[in-house]
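Residue-level structure breakdown
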Amino acid sequence: RSAVLVLAAACSTALLRGALEAFSLPAVPPLPRRSLLGAAGSALGTSAGLQVSPALASEMFGLDVSFLDPPAPPDVAAPPADAEVLPSGLVTKLLLRPQCALAKSMALNSEKCLAERARPFDKVLIDYTGWKPNGKMFDSSRLEKKLVRVNSVMPGWTEGLQMMTPGETRRFWVPPTLAFGEAGDGAAKPGGPLVFDIEMYSVERQPKPPDDLKVPLGDVKVTASGLSYKQIKPGTGQTMPTPDSNITALYNGWSSNGDLILSTSFGGQSDFLLKEVPIKGLLEGVQLMREGETFRFWVPADLAFGEKPEGKGLPGGALVFDFRLSSIN
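Rules and cut-offs
Residue numbers restart at each chain and count upward from 1, following the sequence in its written direction. In view of the model being predicted, local features appear only for residues whose pLDDT reaches at least 70, and side-chain atom pairs are presented and counted only at 80 or more, with totals across whole chains, interfaces and linings using the full set of residues. The basis for every side-chain value is the complete set of non-hydrogen atoms in the structure, without hydrogens or water. In this text, buried Ala, Val, Leu, Ile, Met, Phe, Trp, Tyr and Cys residues form a nonpolar core when linked through side-chain atoms within 4.5 Å. Using a 1.4 Å probe on the protein chains alone, a residue whose accessible area is under 20% of its type maximum counts as buried, one over 50% counts as exposed, and one in between counts as partly exposed. Labels follow the DSSP assignment, with helices taken as runs of H or I lasting at least four residues and strands as runs of E lasting at least two, numbered in each case from the N terminus. Contact criterion: two residues are considered in contact whenever any of their non-hydrogen atoms come within 4.5 Å of each other. Working convention for charge: Lys and Arg count positive, Asp and Glu count negative, and His plus the chain ends are omitted. In the sections that follow, a salt bridge refers to a side-chain nitrogen of Lys or Arg positioned within 4 Å of a carboxyl oxygen of Asp or Glu. Pairs of N or O atoms within 3.5 Å make up the polar contacts considered here, provided that, within protein, one atom can donate a hydrogen while the other can accept it, and that residues adjacent in sequence are counted only when both atoms are side-chain atoms. The predictor attaches a confidence to each residue, and that confidence, scored 0 to 100, is pLDDT. When the sulfur atoms of two cysteines come within 2.5 Å, that pair is taken as a disulfide.

Side note on the nonpolar core
In terms of nonpolar packing, the biggest core is built from 22 residues, with Val-124, Ile-126, Trp-157, Leu-161, Val-174, Phe-196 and Ile-198 touching the most fellow members. Contributions of two or more residues to this core are made by strand E3 (123-131), helix H5 (155-161), strand E6 (169-174) and strand E7 (194-204). No other element matches the four residues that E7 contributes to this core. Discounting residues that sit within four places of it in the chain, Phe-196 has contacts with Tyr-128, Thr-129, Gly-130, Phe-138, Met-154, Trp-157, Arg-170, Arg-171, Phe-172 and Val-174. Counting residues in each nonpolar core, the second largest holds 21 residues, with Ile-247, Leu-274, Ile-279 and Phe-295 among its members.

And the structure:
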């Protein structure tokens, strides 16, 4: 499949290069393999991990590529006798052992393996393919691995991914109650029972979102602008920053659905001028703090980036920050 898609992208590039040469314009430099894969994936809409329908492939390239779909496993219609049935109704079978327990004599629930498993709020890098019980493939990560937060996917995946460690491949038979229900929601989310093969590559640890992420709890104060906040830890300093202050801080920020959007633990800037903070609610809130304090801020959408930001990649809706003002420099 990759070869066909790369060939299609390469042909498009060759045609463009020829047209440019005809007009005596600089030629397009050769694209590296990664760029070709990206171009093919983008053209075919595979970056979201959704199946490209044969009709779409035929329309774009005159090719029927459905024969390249990963074949359905022989037990796609019903789990085998040696599959494990969990209390929730999820059924699973180990296909490839994880790195923490490569030998059959090593326990999958050893202390080492348990420590490497993902928590609900962690992200995992996976490859997957999904089939209906009739053997029809409906979804696959295909050209590129997919990074997902464990508790942001269907309930069957949320449960299953927490059983896995890096290097492990499992097959899951997911009942409708743990998938998209009996009716489903379109071709990409079909109804009824589903079967998935999932291979886990790595776990990306994330800070745990606050339990009161969506609804402020405890001794919460609200400013006139609508910003809600509370003190998490007291500080020792007496100085409060102004917009012109240069500060050092540690922080984690989440969207209302639990996605980590900004963190000093993942490359966020720790030293900056306060007035350069682009989030109005955070700019307001930090000026209420003293050195050493940790606050939690619930920033409404109108004090953040709005409900539907125009900037690419900016989070919409309300945001929550745990913010420690380390020092005012």
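Continuing now.
Observations regarding the side chain of Arg-97
As for its position among the elements, Arg-97 is in the loop between strand E2 (91-96) and helix H4 (111-116). Of the side chains with opposite charge, Glu-168 lies nearest to the buried Arg-97, which makes no salt bridge, at 8.5 Å. Looking at Arg-97, its side chain comes within polar contact range of the main-chain oxygen of Leu-102, at 3.4 Å. Within the local environment of Arg-97, its side chain forms a polar contact with the backbone oxygen of Ala-103, the two atoms lying 3.0 Å apart. If sequence neighbours within four positions are ignored, Arg-97 has contacts with Leu-102, Ala-103, Lys-104, Met-106, Leu-108, Gly-167 and Glu-168.

Structural notes on the confidence of the model for the chain
This prediction gives the chain a mean pLDDT of 84; 80% of its residues lie at or above 70. With pLDDT under 50 throughout, residues 1-56 is counted as low confidence; its partners more than four residues away or in other chains account for 70 contacts.

So, the pattern of salt bridges
Scanning the model with the defined rule gives 13 salt bridges in all. The salt bridge involving Arg-171 is made with Asp-75; its shortest N-O contact spans 3.0 Å. Residue Arg-171 is found in strand E6, and its partner Asp-75 is found in the loop between helix H3 (54-61) and strand E1 (84-85); the two are separated by 96 residues along the sequence. Considered together, Arg-171 and Asp-75 belong to a single accessibility category, that of buried residues.

Overview of the state of the cysteines
In the structure shown here, the tally under the stated rule is one disulfide. One disulfide in the model links Cys-100 with Cys-113; its S-S distance is 2.0 Å. What sets the handedness of the Cys-100 and Cys-113 disulfide is the S-S torsion sign, and at about 110° it is right-handed. Here Cys-100 is found in the loop between E2 and H4, whereas its partner Cys-113 is found in helix H4, with 13 residues between them in sequence. Assessed through its relative accessible area of 3%, Cys-100 is described here as buried. Judged by its relative accessible area of 0%, Cys-113 is buried.

Some details on the side chain of Ser-263
With respect to the helices and strands, Ser-263 occurs in strand E11 (residues 260-263). With a relative accessible area of 3%, Ser-263 lands in the buried category. A polar contact is formed between the side chain of Ser-263 and the backbone nitrogen of Ser-265, at a distance of 3.0 Å. The contacts of Ser-263, once residues within four sequence positions are left out, are Tyr-251, Asn-252 and Gly-268.

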